[in-house]
Amino acid sequence: MERPKLDSYIKDKTDKLSKASIGNYSRLYKKIHIHFGEGNEPADIDEDDLIMAIENDMTTNQGKLIDNPNTKTALFNTVIGVKKHFDLPITKLLKAKEKLLGNIIKHRETVREIKSVALPKYKDLKKHINNNFEKQEWVGTILLSLMDEFYTRNQDLDIYIVDSIKNAKDKTKNYLVVRKSDLVYIKNKYKTSSTYGTLKQKFKNIKVRTAINEFIKTQPEGLSEYPLMVNSNGDKLDDTSQQKFIKKYTFKNLSESDYFKIRVNEFEKKSDMNGLLKASKRRGTNLNTVITNYSLKNIKAPE
């Protein structure tokens, strides 16, 4: 099936969209196209037909009707983006998408209730870091310790290990600087970097320092920097592969989002607003967003 409008849209947006975003747009657009079969690509299909399909008829890869409002919203966003790019009508699609907001909130609350019971405790995550260290999983020790200390997203962990601040000047990279007296985590490339800029934090952690030293011993000699997340061939991972790489080391293969929910929940149980503020600052996320999207207790952020 040819999709010239999608191809043109992606070509024009390549500099503005991440590889992950391009992959998601292509996957969802293709899903809509396959649903309608041969013929016009989604951008050329009538709004009413698209709305009917997304709201009532489209199925998952397992053949079940799509009922998750977040997935429906993503499908709407995809076709709206391409149609808008070519100045095609989108008013009805926008209204249909807006109507899903209430369902999204209800869905979020349902998931919140399930997670509050199903997710492990913070002490389990701490113990898992120690287990990685004892098993000499050096990469896992470094990744999990940074998640614990800095409340990171996946992309934040795409780091290069260097031995001096002078070697950490590339603003498109994240760094872990190993100095004699401490470690410095420098975060340039992350989701909200346009809002918060470069985030730099000094810290001390004997296990992380040990894991770094042992990790470097496994790397080729003479490198000025050591990328942490690479495949078996030593090649850097793309955005899509980073999540799978990190989940190899997390407790019960939990996502970074679930890890952050557990941390937020721990602060809430202790009524520790300073902890929430610290997590918000280090992650690079507005406190209202932290509480709205990651709280398991549905508390409200302070005014």
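Residues numbered from 1 in each chain as written. Predicted model: local features only at pLDDT ≥ 70, side-chain atom pairs only at ≥ 80, totals over all residues. Heavy atoms only, no water.

S.K.: Honestly, the sheet that holds strand β2 (residues 174-178) in this entry has me stumped. Any pointers?
M.R.: Sheet strands line up and pair through hydrogen bonds in the backbone, either parallel or antiparallel. Pairing within the open sheet is mixed, and its five strands lie in the order β4-β3-β2-β1-β5. One side of each edge strand has no neighbouring strand; the edge strands of this open sheet are β4 (199-203) and β5 (226-227). Sheet analysis places strand β3 (residues 183-187) next to β4, joined by five bridges and oriented antiparallel. Counted as the bridge partner of Leu 183 is Phe 203 from β4. Helix α8 (residues 138-150) rests against β1 (159-162), β2, β3 and β4 of the sheet, and its axis sits at about 105° to β4. (Pairing = 2+ DSSP bridges. Helix = DSSP H or I, 4+ residues; strand = E, 2+ residues; numbered from the N terminus. Contact = heavy atoms within 4.5 Å. Axes fitted to C-alpha atoms, helices over the stretch in contact; angles between N-to-C directions.)

S.K.: Got a minute to help me understand the nonpolar core in this structure?
M.R.: The tendency in soluble globular proteins is for nonpolar side chains to be buried as a group. Ranked by size, the top nonpolar core spans 36 residues in total, and within it Ile 142, Ile 161 and Leu 176 carry the most contacts. Of all elements in the fold, only α7 (122-134), α8, β1, β2, β3, α10 (206-217), α11 (239-247) and α12 (256-269) reach the threshold of two or more residues within this core. Every residue in contact with Ile 142, bar those within four places of it in the chain, is listed here: Ile 159, Ile 161, Leu 176, Val 208, Ala 211, Ile 212, Phe 215 and Leu 228. (Core = buried A, V, L, I, M, F, W, Y, C linked by side-chain atoms within 4.5 Å. Buried < 20%, exposed > 50% of the residue type's maximum accessible area, 1.4 Å probe, protein only.)

S.K.: Would you take a moment to explain the packing of aromatic side chains for this structure?
M.R.: Applying the stated rule across the entire model yields nine aromatic pairs. Ring centres of Phe 150 and Phe 203 lie 5.1 Å apart, and the angle between their planes is 80°; on these two criteria the pair is classed as edge-to-face. Taken as a pair, Phe 150 in helix α8 and Phe 203 in strand β4 lie far apart in primary sequence, 53 residues in all. Across the pair, exposure class does not vary: Phe 150 and Phe 203 are buried alike. Connected via pairs of aromatic rings, a cluster forms that spans Tyr 151, Phe 260, Phe 267 and Tyr 294. In this arrangement the basic side chain of Lys 5 is found over the ring face of Phe 86, its NZ or CZ atom lying 5.6 Å from the centre. The ring of Tyr 160 is capped by Lys 173, whose NZ or CZ atom sits 4.3 Å from the centre of that ring. (Phe/Tyr/Trp six-rings, centres within 6.5 Å; stacked < 30°, edge-to-face > 60°. Lys NZ or Arg CZ within 6 Å of the ring centre and 35° of its normal.)

S.K.: Looking at this structure, how should I read the pairing of β1?
M.R.: Two faces, one strand: in a regular strand the side chains alternate between the faces of the sheet. Every second residue of β1 is oriented toward a common face, with Ile 159 and Ile 161 on one face and Tyr 160 and Val 162 on the other, all of them buried. As paired strands, β1 and β2 are joined by four bridges and run parallel to one another. Along β2, the bridge assignment pairs Val 162 with Val 177. The pairing of β1 with β5 spans two bridges and is classified as antiparallel. Bridge assignment links Ile 161 to a residue of β5, and that residue is Tyr 226.

S.K.: Help me understand the pattern of salt bridges in this model?
M.R.: Side chains that differ in charge, positive against negative, can pair when their charged atoms come close. Inspection of the entire model under this criterion finds 14 salt bridges. Across the salt bridge formed by Asp 158 and Lys 189, the nearest N and O atoms sit 4.0 Å from each other. In this pair, Asp 158 sits in the loop between α8 and β1 while Lys 189 sits in the loop between β3 and α9 (193-196), placing the two residues 31 residues apart along the sequence. Judged by its relative accessible area of 30%, Lys 189 falls in the partly exposed class. Here Arg 283 and Glu 256 are joined by a salt bridge, their closest N and O atoms 3.2 Å apart. Of this pair, Arg 283 sits in helix α13 (residues 273-283) while Glu 256 sits in helix α12, and the two are 27 residues apart along the sequence. Salt bridges here are not isolated pairs; linked through shared partners, they connect Lys 126, Asp 148 and Arg 263. (Salt bridge = Lys/Arg side-chain N within 4 Å of Asp/Glu carboxyl O.)

S.K.: How should the packing of α8 against α10 be read in this particular structure?
M.R.: Helices that pack against each other are described as a pair by the angle of their axes relative to one another and the distance between those axes. Where α8 contacts α10, the axes come no closer than 8 Å and their chain directions differ by 140°. The orientation of α8 with respect to α10, classified from their angle, is oblique. In the packing of α8 onto α10, the handedness of the crossing is left-handed. Of the residues in α10, those touching α8 at Trp 138, Val 139, Thr 141, Ile 142 and Ser 145 are Lys 207, Val 208, Ala 211, Ile 212, Glu 214 and Phe 215. Residue composition of the contact of α8 with α10, grouped by class: seven nonpolar, two polar and two charged. (Parallel < 35°, antiparallel > 145°, perpendicular 65-115°, else oblique. Left-handed = near helix turned anticlockwise from the far one by under 90°. Nonpolar A, V, L, I, M, F, W, Y, C, P; charged D, E, K, R; others polar.)

S.K.: What's the story with the side chain of Lys 72 in this structure? I'm lost.
M.R.: With respect to the helices, strands and loops of the structure, Lys 72 is situated in helix α4 (residues 69-85). Lacking a salt bridge, the buried Lys 72 has Asp 67 as its closest oppositely charged neighbour, with an N-O distance of 7.2 Å. Apart from residues no more than four positions distant in its own chain, Lys 72 is found in contact with Ile 54, Glu 55, Ile 66, Asp 67 and Leu 100. (Lys, Arg positive; Asp, Glu negative; His and termini not counted.)

S.K.: Sorry if this is basic, but what is going on with the packing of α7 against α8 here?
M.R.: Remark: α7 packs on α8, axes separated minimally by 8 Å, with the N-to-C direction vectors making an angle of 150°. With respect to each other, α7 and α8 are oriented roughly antiparallel. Both α7 and α8 take part in a crossing whose hand is left-handed. Between α7 and α8, the contacting residues are Tyr 122, Lys 126, His 128, Ile 129, Asn 132 and Phe 133 on the first element and Trp 138, Gly 140, Thr 141, Leu 144, Ser 145 and Asp 148 on the second. The residue inventory of the contact of α7 with α8, partitioned by class, reads five nonpolar, five polar and two charged.

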